[in-house]
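For reference, the chains in residue letters:
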Amino acid sequence: MSSDAPADEVLHRIESGVSWITLNRPEAMNAVTWDQRERVISLLAEASADPGVRAVVVTATGKGFCAGADLRGAPAAPGERVAGDVARMIRLGAQRLITAVLDCEKPVLAAVNGTAAGIGAHLALACDLVVAAESARFIEVFVRRGLVPDGGGAYLLPRLVGPQKAKELMFFGDAVPAAEAERLGLVNRVVPAEELEATAREWAERLAQGPTRALALTKQLVNASLDGGRAAALAAEATAQEINMTTADANEGVASFVERRSPKYLGR
């Protein structure tokens, strides 16, 4: 089986240094298929490696951002299911998608146009910044199906809203409207639906004009800080600054300050 989604199911373009990744199965509320997942993972890896890409936007068409996982098109399991098969499926599937976002070396912005449920919610929450339309909703739908949250949900949510609120969202599976999501800290900004793309473009292009390597190192520091102790965090910070000071953008930033002018960052 090919690991490429049909071209029209994941739209992709690069504009002004921004890689736009758009889920395009509006008739299915953008429930993500196996092929789509593999394509998104591939595009995020390409964004990391391409110096011409300096920010990423993940968004979708229609009324849904991503209604969860659509298992159609997944490789058929050979024979009888045995212990370990489900864990392997989760590890190689949903967890790889979320990890691809967390580990992308460019800042990733989610532009959430509608319902983000299950793995769709986690796809948005793994992004570095989240802009949502007023009509967007976030749903930890797993409990409604008698399932444990996967795709990193029990890792992401407590870090965003604290353990008590995370349990409430996961135990009840109630829809969280965009305004409430913003109040809880799940979303950076809520805008009218007609302003979503323009707001995402404005933020992404600002990121794309920034010191790209410094942003990558900052992303790594913040993500890692929640997993380790103070000593490890401070050591990582010092190492990141050491690495960053070898970049052209760091030299430009210091020079522009001394020369009292706006910096012109090249992402290198």
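Once that is clear, we can look at the pattern of salt bridges. Inspection of every chain in the model, using the stated rule, returns 14 salt bridges. R213 serves as the salt-bridge partner of E105, at 3.2 Å between the closest nitrogen and oxygen. A residue pair is termed long-range when its members are at least 10 positions apart, and E105 in the loop between α3 (94-103) and β5 (108-112) and R213 in helix α9 (residues 212-225) qualify at 108 residues. The partner of R261 in a salt bridge is E259, with the nearest N and O atoms 2.7 Å apart. Ionic contacts of the salt-bridge type, sharing partners, join the residues R13, E15, E197 and R201 into one network.

Okay, the packing of aromatic side chains next. One pass over the full model with this rule turns up zero aromatic pairs. The cationic tip of R13 hangs over the ring face of W20; the distance from NZ or CZ to the ring centre is 4.6 Å.

Time to look at the environment of D128. Within the secondary structure layout, D128 lies in the loop between α4 (119-125) and β7 (129-133). Here D128 falls in the partly exposed class, since its relative accessible area comes to 28%. With 114 residues separating them along the chain, D128 and I14 place their C-alpha atoms 19 Å apart. Contact partners of D128, with chain neighbours within four places excluded, come to K106, P107, V108, N188 and K219. Here the side chain of D128 touches K219 through a polar contact of 3.0 Å, side chain to side chain.

Below, the discussion takes up the packing of α9 against helix α10 (residues 230-244). For any two helices packed against each other, the geometry comes down to the angle between their axes and how far apart the axes lie. The geometry of α9 relative to α10 is characterised by a closest axis approach of 10 Å and an angle of 170° between their N-to-C directions. One way to sum up the angle between α9 and α10 is to call them roughly antiparallel. Along the contact surface, α9 presents R213, A214, L217 and L221, while α10 presents A236, E237, A240, I243 and N244. Split by residue class, the contact of α9 with α10 holds six nonpolar, one polar and two charged.

Here we come to helix α11 (residues 248-258). All buried positions along α11 are accounted for by D249, A250, E252, G253 and S256. Down the axis of α11, the smallest arc covering the buried residues is 160°, so these residues share one side. For α11, the elements touching its buried residues are α9 and α10. R260 sits one or two positions beyond α11 and adopts a positive phi of about 55°.

Spatial ordering of the open sheet is given by β1-β2-β3-β5-β7-β10, a layout of six strands whose pairing is mixed. With partners counted over all chains shown, the strands left at the sheet margins are β1 (10-15) and β10 (189-191), one partner each. Adjacent strand axes in the sheet meet at a mean angle of 20°, parallel and antiparallel pairs treated alike. In this structure, strand β3 (residues 55-60) lies alongside β5, joined through three bridges in parallel fashion. Note on β5: the bridge partner recorded for V57 is L109.

Parameters at a glance
Residues numbered from 1 in each chain as written. Predicted model: local features only at pLDDT ≥ 70, side-chain atom pairs only at ≥ 80, totals over all residues. Heavy atoms only, no water. Salt bridge = Lys/Arg side-chain N within 4 Å of Asp/Glu carboxyl O. Helix = DSSP H or I, 4+ residues; strand = E, 2+ residues; numbered from the N terminus. Phe/Tyr/Trp six-rings, centres within 6.5 Å; stacked < 30°, edge-to-face > 60°. Lys NZ or Arg CZ within 6 Å of the ring centre and 35° of its normal. Buried < 20%, exposed > 50% of the residue type's maximum accessible area, 1.4 Å probe, protein only. Contact = heavy atoms within 4.5 Å. Polar contact = N/O pair within 3.5 Å; in protein donor to acceptor, adjacent residues only side chain to side chain. Axes fitted to C-alpha atoms, helices over the stretch in contact; angles between N-to-C directions. Parallel < 35°, antiparallel > 145°, perpendicular 65-115°, else oblique. Nonpolar A, V, L, I, M, F, W, Y, C, P; charged D, E, K, R; others polar. Arc of directions from axis to C-beta. Pairing = 2+ DSSP bridges.

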